[in-house]
Amino acid sequence: QHFKESQELKGLLASSLIGQRNFKEESARADKVTQIGGVISTFDNALRQIDKVQNHPGRYNGLDLAGAAASHIPNTDAYDYKAALQGLKDTQFMANISAIKGSGIGRILLPEVSKIQNSMGVLDTHQSKAQFDQNLNNLKAMILAAKQRALKSAGQYGINKQDLGE
C-alpha cells in the first residue's frame, strides 16, 4: 500500500514537473512571438509610411522651391507631404527602432537597425528628386531586409509566419 502511494506520488510529481517545464517553454515562446511580432509591426508601419511618402500627391512639390514655400501653407498637398515625411522620421518610429536594438531579437538585427537609424538623416527635401528617391528606396530595402531577417530568426524559436500573423 505504502509503495503504491509512493509510486502515485512520484507520478503526480513527475507530471507536475513536466507541466511546469512545458509552461515555462510555452511562456518563453509566447514572449518571443510578442517580441518578434512587435518588431515586424514596427517594420510594417515604417514600410506603410514610406509608401505614403512615395505616393503622396504633393511629393515633388516638397522638393522644389515652389513646393518648399507651399509646404508652410496649411491645406496644401506640399504641407501634407511635409507632414507625411515627418511621420516617417517620427520620434515614435525611432523610439521603436531603438527598442528593437535593446531587445533580444535586436542583437540579431543590430546591423540592419543601425543602418536604418543612420539612413533616416539622409531624407532631406533639399536634395534632388533623384537622390531623394534613391534614399527612400534604400531605406525601404533596408527595412525589408531587416523584416526578412526577423522572420527568419523566428524559426530558431519554432515560430512561423502564421504565429506572427504574416
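Rules and cut-offs
- Residues numbered from 1 in each chain as written.
- Predicted model: local features only at pLDDT ≥ 70, side-chain atom pairs only at ≥ 80, totals over all residues.
- Heavy atoms only, no water.
- Core = buried A, V, L, I, M, F, W, Y, C linked by side-chain atoms within 4.5 Å.
- Buried < 20%, exposed > 50% of the residue type's maximum accessible area, 1.4 Å probe, protein only.
- Helix = DSSP H or I, 4+ residues; strand = E, 2+ residues; numbered from the N terminus.
- Contact = heavy atoms within 4.5 Å.
- Expected span 1.5 Å × (residues − 1).
- Arc of directions from axis to C-beta.
- Salt bridge = Lys/Arg side-chain N within 4 Å of Asp/Glu carboxyl O.

Visitor: Please set out the nonpolar core residue by residue, giving values where relevant.
Guide: Leu123, Leu139 and Ile143 are the most contacted members of the largest nonpolar core, which has 26 residues in total. Element by element, the count of residues in this core is highest for helix H1 (residues 2–54), at nine residues. When sequence neighbours within four positions are dropped, the list of residues in contact with Leu139 reads Ile50, Leu88, Ile116, Ser119, Met120 and Leu123.

Visitor: Account for helix H3 (residues 77–89), naming residues and giving values.
Guide: Here H3 is 13 residues long and its end C-alpha atoms lie 18 Å apart, about the 18 Å a rise of 1.5 Å per residue gives. Of the residues making up H3, those classed as buried are Ala78, Tyr81, Ala84, Leu85 and Leu88. The buried residues of H3 occupy an angular sector of 115° when projected down its axis, which confines them to one face.

Visitor: If you had to explain the pattern of salt bridges to someone new, which residues and values would you point to?
Guide: Taken as a whole and assessed by the stated rule, the structure comprises two salt bridges. Salt-bridge contacts for Asp44 lead to Lys147; the nearest nitrogen and oxygen are separated by 2.7 Å. Of this pair, Asp44 sits in helix H1 while Lys147 sits in helix H6 (residues 129–154), and the two are 103 residues apart along the sequence. Across the pair, exposure class does not vary: Asp44 and Lys147 are buried alike. Measuring nitrogen to oxygen at the nearest pair gives 2.6 Å for the salt bridge that ties Lys140 to Asp51. Of this pair, Lys140 sits in helix H6 while Asp51 sits in helix H1, and the two are 89 residues apart along the sequence.

Visitor: Run through unusual backbone geometry, naming residues and quoting values.
Guide: One non-glycine residue, Asn75, adopts positive backbone phi at about 70°. With respect to the secondary-structure elements, Asn75 resides in the loop between helix H2 (65–70) and H3. Residue classification places Asn75 among the exposed residues on the basis of a relative accessible area of 78%.

Visitor: How would you explain the environment of His72 if you had to name every residue and give the values?
Guide: You can see His72 is positioned in the loop between H2 and H3. In this structure, the C-alpha to C-alpha distance between His72 and Lys82, residues 10 residues apart in sequence, is 8.6 Å.

Visitor: With reference to specific residues and values, describe the environment of Ile36.
Guide: Structurally, Ile36 can be placed in helix H1. Classification of Ile36 as buried rests on a relative accessible area of 0%. Sequence spacing of Ile36 and Leu164 is 128 residues, and the spatial spacing of their C-alpha atoms is 7.7 Å.

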